[in-house]
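Remarks on the overall topology
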Amino acid sequence: MRQMTTRLAALTALFWTGAALAQELPAPLDDAAWPAVNQDEAALGRLLFYDPILSGNREVSCATCHHPAFGTSDGLSLPLGDGGHGIGPARAIDLENPPEQRVPRNSQALWNVGARDYVSMFHDGRVELDPSAPGGMRTPLDADMVEGFASMLSAQTMFPVLSPDEMAGHYSENEVAQAVRQGRLTGKGGAWDLIARRVAAHPDYARRFDAVYGLAPDEIGFTDISDAIAAFITFEFRSDTSPFDARLREGVPLPPEAEAGLALFYGPAGCAECHAGPFQTDHGFHAMGAPQVGPGKGARFETHARDEGRFRVTGRAGDLYAFRTPSLRNVALTAPYGHAGSHATLRGFVADHADPVTALGRYDRAQAVLPRMEVTDWRILDDKAEREAIAAAVTRPAVTLDAGEIDALVVFLGALTDPVATEGRLGVPKELPSGLPVAMP
């Protein structure tokens, strides 16, 4: 174990007297935090999650960018969806069918996203609970969104299959991509229906949908597919048996350096002001000056490379460059970090996150993990005015941390790693009803 600094040792002593915590520790989690899951539904969702049949060119599955081998992410700063081959950091572009651009944002981990606490999805929260909206949810399609999905997580699942960069493919390559290009998403012959018909045509899938939902093949809709995937994610990626959870439930102490990191996290470092609650997220949106890498997030006709975050959803100036507070469960496994995957290591991100404005000016681009691709990844960081705009949106004051304190925080974050969740409950299937290959590193 590293030798703790005098400052850290003093902080740990204060912690044990109850004097060091600015934020109370969260209450331990129990089964009530998650909806009940039908095991047959989850088993069906498992197959669909790993099956490339849901993508336009039958080459990309949900697991391509959310694989348990990479902490339910993909090990890249920015994913390569359609037009790539391989998985994880080894993924590379297909020279015969290259993607038009990288996926604009880092692939978010899926730990606990099926829990009841979650009120929004995606880095910008563009799918979110809203009692005033049709179906009780707000999505990019607004009133045109189909109804019938069982949860917000299920609604979220319906969007990656429509993205040309993620799963649909280039506009001229397949019938799903063509339907997306023509704006035919819902109804008979729409993109979602075309995918559902593919799935229903496989006898094993048809049998399973009948057993789980009582549906005939011609009755299977994409909402049923997304419901099954959501059930699988909720069950498979539930994470509440880490050493930190044992600390909350039974008072089992963490190793000394992790305890010092816990005292910092919930005390003077101020991490828990945003990374609050049992999942270490306040489910809010904050501008924290993380470097912008890659193509940015905009409409297809826009030519800038900015990612303005929550602002693109709300239009409020106060939401410029604000992104959803990520959960920190299993965070040690989910590198790279930041909405654009700017940091390859957790320690590097924690160190820069403490003083993001200063860090933005000295950002080391070698920290990004980007497969070779003939695109311009640094347009925003090369533009002084753009960098200054990102920095100006940060309102949180800097926190001074020495090297030992950064190390202690990283050790504490490692105590959020859950061996039960990372081992997997249902695991990766060996084969799929479609006969297509399973993504494996």
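In this report, the structure presented in the accompanying data block is examined. (Residues numbered from 1 in each chain as written. Predicted model: local features only at pLDDT ≥ 70, side-chain atom pairs only at ≥ 80, totals over all residues. Heavy atoms only, no water.)

The next thing to look at is the overall build of the chain. Scanning the chain from terminus to terminus reveals 17 helices and seven strands. The C-alpha radius of gyration computed for the chain amounts to 22 Å, which stays within 12% of the reference 22 Å derived for 441 residues, consistent with globular compactness. By principal-axis analysis of the C-alpha atoms, the chain measures approximately 70 × 50 × 45 Å. By the burial criterion, 56% of the 441 residues in the chain qualify as buried. Within the chain, contacts between residues at least 6 apart in sequence are counted, and of these 68% link residues at least 24 apart. Surface exposure of the chain reaches about 18,400 Å², of which carbon and sulfur atoms provide 53%. The averaged location of the 57 negative side-chain charges in the chain is 3 Å from the averaged location of its 38 positive side-chain charges. (Helix = DSSP H or I, 4+ residues; strand = E, 2+ residues; numbered from the N terminus. Rg over C-alpha atoms; globule rule 2.2 N^0.38 Å. Buried < 20%, exposed > 50% of the residue type's maximum accessible area, 1.4 Å probe, protein only. Contact = heavy atoms within 4.5 Å. Areas by Shrake-Rupley, 256 points an atom, 1.4 Å probe, with all protein chains shown as cover. Lys, Arg positive; Asp, Glu negative; His and termini not counted. Charge placed at Lys NZ, Arg CZ, Asp CG, Glu CD.)

The next thing to look at is the side chain of D227. Along the chain, D227 turns up in helix α9 (residues 222-236). For the buried D227, no salt bridge is present, and the opposite-charge side chain at shortest range is R116, 14 Å distant. A polar side-chain atom of D227 sits 2.7 Å from the main-chain amide nitrogen of A150. Discounting chain neighbours no more than four positions away, the residues touching D227 are E41, G148, F149, A150, S154 and Y213. (Salt bridge = Lys/Arg side-chain N within 4 Å of Asp/Glu carboxyl O. Polar contact = N/O pair within 3.5 Å; in protein donor to acceptor, adjacent residues only side chain to side chain.)

All chains considered together, the criterion is met by 26 salt bridges. Here R312 and E302 are joined by a salt bridge, their closest N and O atoms 2.8 Å apart. Of this pair, R312 sits in helix α12 (residues 311-314) while E302 is found in the loop between β6 (285-286) and α12, placing the two residues 10 residues apart along the sequence. When its relative accessible area of 35% is taken as the criterion, R312 is described as partly exposed. One salt bridge connects R362 with D352, and the closest N-O pair in it is separated by 3.0 Å. Remark: D352 occurs in helix α13 (residues 346-354) and R362 occurs in the loop between α14 (356-361) and α15 (384-392); sequence separation between them is 10 residues.

Attention now goes to the packing of aromatic side chains. With the rule as written, the count across this model stands at 16 aromatic pairs. Relative to F237, the ring of F232 has its centre 5.6 Å away and its plane inclined at 75°; by these criteria the two rings are edge-to-face. On the basis of relative accessibility, which here comes to 0%, the residue F232 falls in the buried class. With a centroid separation of 6.3 Å and an interplanar angle of 75°, the aromatic rings of Y266 and F412 are classed as edge-to-face. Note that Y266 is positioned in the loop between α11 (256-265) and β6 and F412 in helix α16 (residues 403-414), a separation of 146 residues in sequence. Here the two residues Y266 and F412 agree in accessibility, since each one is buried. Within the aromatic cluster, the residues linked to one another by ring pairs are F49, Y50, W111, F232 and F237. One Lys or Arg, R181, reaches over the ring of Y171 and ends 5.1 Å from the middle of that ring. (Phe/Tyr/Trp six-rings, centres within 6.5 Å; stacked < 30°, edge-to-face > 60°. Lys NZ or Arg CZ within 6 Å of the ring centre and 35° of its normal.)

Counting 59 residues, the largest nonpolar core has L48, F49, L54, I225 and I233 as the members making the most contacts within it. Of all the secondary-structure elements, those providing two or more residues to this core are α2 (39-49), α3 (62-65), α4 (152-157), α5 (164-168), α6 (175-181), α7 (191-200), α8 (203-213) and α9. Tallying contributions element by element places α9 first for this core, with seven residues. Each residue touching I225, except ones within four places of it in the same chain, is listed here: L48, L54, A196, V199 and F209. (Core = buried A, V, L, I, M, F, W, Y, C linked by side-chain atoms within 4.5 Å.)

Everything listed is a geometric property; what it means functionally is a separate question.
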